[in-house]
Amino acid sequence: MRSRPPRSTARAVRTVIVALLALGMLGCAHRMSADDTTVRRIAGPAGTLVVDDGGRGGIPVVFLHSYAGNRAHWSEQLAHLRKTRRAIALDLRGHGESSAPANDAYSSTALAADVAAVVDALRLDRFVLVGHSMGGAAAIAYAGAHPQRVAGLVLAGAPGKIPPEQARKIVASIEADYDKVMAQYWDDLLTNARPDVRARLLRERQSVGKPASLSIIRSLFADDPLPPLGRYPGPTLVIVTAGDDQ
């Protein structure tokens, strides 16, 4: 449940891609035009998925956003990488312009199915997968199910395993007074944010309604990322910031 990746995270994501390039793990690349970008609409398991696809060369990099985020949160990373290679960001189900699931299914497995639909439709045999918060949970689930497809895994603020009793108390407090608890969460998260960033994220959070938000929260707290992460043997970078205990 994180919002837009912090600047330090953006730098770290770029750093790991550069490191993988230096190790020769992403292959060669060509230069591309800044206009070489396509917005695609792909049939997913819960409806239409909207994808920002651009660049050419090397092994592609696929970006997954956070709760209440969207593909535009990765615009700086996309612009940077597309100078030399293909980079893709998608709106996960119920976010941005993608369709919401009829049954409020937002488990990490369900989100990973969105990723599978996109990479299969784009015929990506092997790629680097970058996930932020909720997107990190989806990335872990996908990598655990398809380890041979993921050339590298970058996890920024991904949720960890939470003790069941602690998870129950947190979920119960949110269910008891959703508006108050969520307002406090966003207020804490956006402490010291620039006014324009704060306004944008508070506006975007409204795009995910209460039923969907509760389903996402319950799913993330019930998730155990360790088994699927253990099934992925490839290179992994985990990015943790000072606010990741909130």
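Here, residues in each chain are numbered from 1, in the same order as that chain's written sequence. Totals for whole chains, interfaces and linings use all residues, but because this is a predicted model, local features are given only for residues with pLDDT of at least 70 and pairs of side-chain atoms are given and counted only at 80 or more. Values reported for side chains reflect all heavy atoms of the structure, with hydrogen atoms and water molecules removed beforehand.

Right, let's talk about the environment of glutamate 175 for a bit. Along the polypeptide, glutamate 175 turns up in helix H5 (residues 164–176). Sequence separation of glutamate 175 and lysine 210 is 35 residues, and the distance between their C-alpha atoms is 9.8 Å. What makes two residues a contact is simply this: any of their non-hydrogen atoms within 4.5 Å. Filtering out sequence-adjacent residues up to four positions away, glutamate 175 remains in contact with Leu214 and Arg218. By the criterion applied in these results, polar contacts are pairs of N or O atoms within 3.5 Å in which, for protein atoms, one can donate a hydrogen and the other can accept it, and in which residues neighboring in sequence qualify only through two side-chain atoms. Here arginine 218 takes part through its side chain, which lies 2.9 Å from a polar atom of the side chain of glutamate 175. Numbering of helices and strands runs from the N terminus; a helix is a DSSP stretch of H or I covering at least four residues, while a strand is a stretch of E covering at least two.

Only strands that DSSP links by at least two bridges are regarded as paired with each other. One open sheet holds the seven strands; their spatial order is E1-E2-E4-E3-E5-E6-E7, and the pairing between them is mixed. Here the strands that pair on one side only, and so sit at the sheet edges, are strand E1 (37–44) and strand E7 (236–239). For this sheet the average axis-to-axis angle between neighbouring strands, irrespective of direction, equals 20 degrees. In the sheet, strand E5 (residues 127–132) pairs with strand E6 (residues 150–156) via six bridges, with the strands oriented parallel. By the bridge assignment, valine 128 is partnered in E6 with glycine 152. Angles shown run from 0 to 180 degrees and are taken between the N-to-C directions of axes, each axis being a line fitted to C-alpha atoms and, for helices, limited to the stretch in contact.

Summarising the element assignment, arginine 71 is placed in the loop between strand E3 (61–64) and helix H2 (75–81). Arginine 71 sits in the buried class, given a relative accessible area of 14%. Residues arginine 71 and aspartate 52, spaced 19 residues apart in sequence, show a C-alpha to C-alpha distance of 7.2 Å. At a separation of 2.8 Å, a polar atom in the side chain of arginine 71 contacts the side chain of glutamate 97. Think of it in three bands: residues with accessible area under 20% of the maximum for their type are buried, residues over 50% are exposed, and the middle band is partly exposed, with areas taken using a 1.4 Å probe on protein chains only.

What follows deals with the pattern of salt bridges. A side chain of one charge can pair with a side chain of the opposite charge when the charged atoms of the two come close. By definition here, a salt bridge exists when the distance from a side-chain nitrogen of Lys or Arg to a carboxyl oxygen of Asp or Glu is within 4 Å. If you walk through the whole model with that rule in mind, you get 14 salt bridges. In this structure, the salt-bridge partner of aspartate 120 is arginine 149, at a minimum N-O distance of 3.0 Å. Residue aspartate 120 is found in helix H3 (residues 108–121), and its partner arginine 149 is found in the loop between helix H4 (134–145) and E6; the two are separated by 29 residues along the sequence. Note on arginine 149: relative accessible area 17%, which makes it buried. For glutamate 165, the salt bridge identified is with arginine 168, shortest N-O distance 2.7 Å.

All we've got here are geometric facts, nothing functional implied.
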